[in-house]
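# Observations on the three-dimensional arrangement
Here is how the chains run, residue by residue.
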Amino acid sequence: MSNRRHFLLGSAATLAAPFIARHAAAEEVTLKLHHFLGPKAPAQTKMLEPWAEAITKNSNGRVKIEIYPSMSLGGSPPQLFGQVRDGIVDIVWTVNGHTAGVFPRSEVFELPTIYTNNIVVTNLAIRDMFTSHLADEYQDVHVLFMHVHAGQAIHMADTPVHKPEDLRGKKLRVPGPTGIAIIEQLGAIPVPMPVSDLPQALTTHAVDGALIPWEIIPALKLQDSTKYQIEGENGWRLGNTVFQVSMNKAKWEGFPDDLKDVFNKASDEAWLRQVAGIWRANDDHGIKVAVDSGNEHIVLTHEETETFSTALAPVVDKWVKTSSAKSIDGKALLDAARAAIAKHSS
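Parameters and conventions
- Residues numbered from 1 in each chain as written.
- Predicted model: local features only at pLDDT ≥ 70, side-chain atom pairs only at ≥ 80, totals over all residues.
- Heavy atoms only, no water.
- Pairing = 2+ DSSP bridges.
- Helix = DSSP H or I, 4+ residues; strand = E, 2+ residues; numbered from the N terminus.
- Axes fitted to C-alpha atoms, helices over the stretch in contact; angles between N-to-C directions.
- Core = buried A, V, L, I, M, F, W, Y, C linked by side-chain atoms within 4.5 Å.
- Buried < 20%, exposed > 50% of the residue type's maximum accessible area, 1.4 Å probe, protein only.
- Contact = heavy atoms within 4.5 Å.
- Parallel < 35°, antiparallel > 145°, perpendicular 65-115°, else oblique.
- Left-handed = near helix turned anticlockwise from the far one by under 90°.
- Nonpolar A, V, L, I, M, F, W, Y, C, P; charged D, E, K, R; others polar.
- Salt bridge = Lys/Arg side-chain N within 4 Å of Asp/Glu carboxyl O.
- 1 Å grid on protein atoms, 1.4 Å probe; cavity = no way out; pocket = protein on both sides within 12 Å on 5 of 7 lines; lining within 4 Å.
- Points joined across faces, edges and corners; volume = space filled by probe spheres on them.
- Expected span 1.5 Å × (residues − 1).

## Remarks on the sheet that holds strand E5 (residues 153–156)
- Spatially, six strands are ordered E7-E6-E8-E5-E9-E11 in an open sheet, and the strand pairing comes out mixed. Every other strand in the sheet has two partners, leaving strand E7 (189–192) and strand E11 (296–299) as the edge strands with one partner each. Along the sheet, successive strands turn relative to each other by an average axial angle of 25 degrees, direction set aside.
- Strand direction decides the pairing type here: E5 and strand E8 (residues 209–212), joined by four bridges, are antiparallel. Note on E8: the bridge partner recorded for isoleucine 154 is leucine 211.

Okay, structure coming up:
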């Protein structure tokens, strides 16, 4: 009986081993997060790293996230969304505009006069509208959170800017399709390129300036390749860029509910407010670096700001018409975005 009992117990343990291994594998996982900026960029050190650490802590170590900056897992920035969709990586932080045309509804939050200067309310407005208006664009992945930065400002190598005419004929780096529309409307020449290519483009005069926030100044040392930083009154900007942190859909669906809750808690409204604060602080630091290096920070007067805003109004109208051609109700999206921003602004 003793030998038989030992045999049965041993057999049961052998049969259970694969189940236990699978269960353990499901409960303890290391995820790869891929992005396009450097390891010392504030986006990594102040946003992605604390977010990943919170998930590890709140999952009691069951989830660990390894961050791979600078496209170190291969490919180029426009390929990031495809990498997470196809399961080449587990999570990405990427710019929507890198994959032009894939997120046309989300572009509403990049438009000039829709985003003006408030990161918090825009982050929360995107969150409010995601399920009802935007989710169809992200069916191939699971979005963990979306956000914007401080908004597009103007950096110029040699030319001060006070009115749209000052940009006529100038070549400016733009982040995506909305930036192209903005620059074209102002009579300048858009040059799409990843932000990492900007310093060389400025040095070689491939571009005369750029449409990008202040926060990138220290990372790219733009204080050395530009003389002027221009924005409107009260931090008014020329539109924005939408970012996403998304996970491979199959990976997400394989998680138990309690781990999904950990990710959801780490990406909640409080976190989006914190993200806004991170990007605002980064932006303030960036312009300080430029000014301390001798650059001129031009803040447009109220009248000058209004002139730019009026000049850019047709960008919004054209976007609505283009959306209709894609069977998207651009007017409804526009109204919803303005209402959501107004709600959180109050």
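Picking up where we left off.
## Remarks on the nonpolar core
- By size, the foremost hydrophobic cluster in this structure holds 109 residues, and its most contacted members are Trp51, Ile65, Trp93, Phe109, Ile154 and Phe263.
- With nine residues, helix H10 (residues 269–292) is the largest single contributor of residues to this core.
- Not counting residues within four places of it along the chain, the set of residues in contact with phenylalanine 109 comprises Tyr115, Thr122, Ala125, Ile126, Met129, Leu134, Asn240, Val242, Ala337 and Ile341.

## Describing the packing of helix H4 (residues 119–134) against helix H12 (residues 330–345)
- Axis separation between H4 and H12 bottoms out at 8 Å; the angle between their running directions is 140 degrees. With respect to their mutual orientation, H4 and H12 come out oblique. Of the two possible hands of crossing, H4 and H12 adopt the one that is right-handed. Mapping the contact onto sequence places Val121, Thr122, Leu124, Ala125, Asp128, Met129, His133 and Leu134 in H4 and Leu333, Ala336, Ala337, Ala340, Ile341, Lys343, His344 and Ser345 in H12.
- For the contact of H4 with H12, the per-class residue count stands at ten nonpolar, four polar and two charged.

## Some details on the pattern of salt bridges
- Throughout the structure, instances matching the rule amount to 13 salt bridges.
- Aspartate 128 is the salt-bridge partner of lysine 343, the closest N and O atoms lying 2.8 Å from each other. Here lysine 343, found in helix H12, pairs with aspartate 128, found in helix H4; they are 215 residues apart in sequence, far enough to count as distant.
- Of the charged contacts, one joins lysine 163 and aspartate 166 as a salt bridge, the two residues approaching to 3.1 Å between their closest N and O atoms.
- Its relative accessible area of 41% is what places lysine 163 among the partly exposed residues.
- By relative accessible area, which is 19% here, aspartate 166 ends up buried.

## Details of unusual backbone geometry
- Of note in the backbone geometry, asparagine 234 takes a positive phi value of approximately 55 degrees without being a glycine.
- The topology assignment puts asparagine 234 in the loop between strand E9 (228–231) and strand E10 (242–248).
- On the accessibility criterion, asparagine 234 (64% relative accessible area) is exposed.
- Positive phi is not limited to glycine here, since serine 327 has a value of about 60 degrees.

## Focus: the pairing of E10
- A large share of E10 lies buried, amounting to seven of its seven residues.
- Two elements, strand E3 (residues 91–95) and E10, share five bridges in a ladder whose sense is antiparallel. If you follow valine 95 over to E10, its bridge partner there is phenylalanine 243.
- Of the strand pairs in this sheet, strand E4 (residues 141–148) and E10 are connected by seven bridges, and their pairing is antiparallel. From the neighbouring strand, methionine 146 faces E10, where its bridge partner is glutamine 244.

## Focus: the side chain of glutamine 223
- Mapped onto the fold, glutamine 223 is located in the loop between helix H7 (217–220) and E9.
- Since its relative accessible area comes to 15%, glutamine 223 is described here as buried.
- The residues contacting glutamine 223, other than those within four sequence positions of it, are Ile217, Pro218, Val289, Ala290, Ser293 and Asn295.

## Observations concerning empty space enclosed by the protein
- Overall, the coordinates contain three cavities of 30 Å³ or more when judged by the stated rule.
- Taken as a whole, the largest cavity encloses approximately 170 Å³ of empty space.
- Per-class residue counts for the lining of the largest cavity are eleven nonpolar, four polar and two charged.

## Focus: H4
- For H4, which comprises 16 residues, the first-to-last C-alpha distance of 19 Å sits more than 12% below the rise-based estimate of 22 Å (1.5 Å per residue).
- Where H4 is concerned, the buried positions are Ile119, Val121, Thr122, Asn123, Leu124, Ala125, Ile126, Met129 and Leu134.
- Where H4 is buried, its residues contact E4, E10, H10 and H12.

## With respect to the environment of proline 256
- Its place among the elements puts proline 256 in the loop between helix H8 (249–253) and helix H9 (257–266).
- On the basis of relative accessibility, which here comes to 23%, the residue proline 256 falls in the partly exposed class.

## Observations regarding the sheet that holds strand E2 (residues 63–68)
- Strand order in this open sheet of five strands is E2-E1-E3-E10-E4, and the pairing throughout is mixed. Edge positions in the open sheet fall to E2 and E4, since each of these has one partner strand only. For this sheet, the mean angle separating the axes of adjacent strands, direction not counted, is 20 degrees.
- In the packing of H4 onto the sheet, contacts are made with E4 and E10, and the angle to E4 comes to roughly 155 degrees.
- Along the sheet face, H9 touches strand E1 (29–34), E2, E4 and E10 and points at about 50 degrees away from the line of E2.

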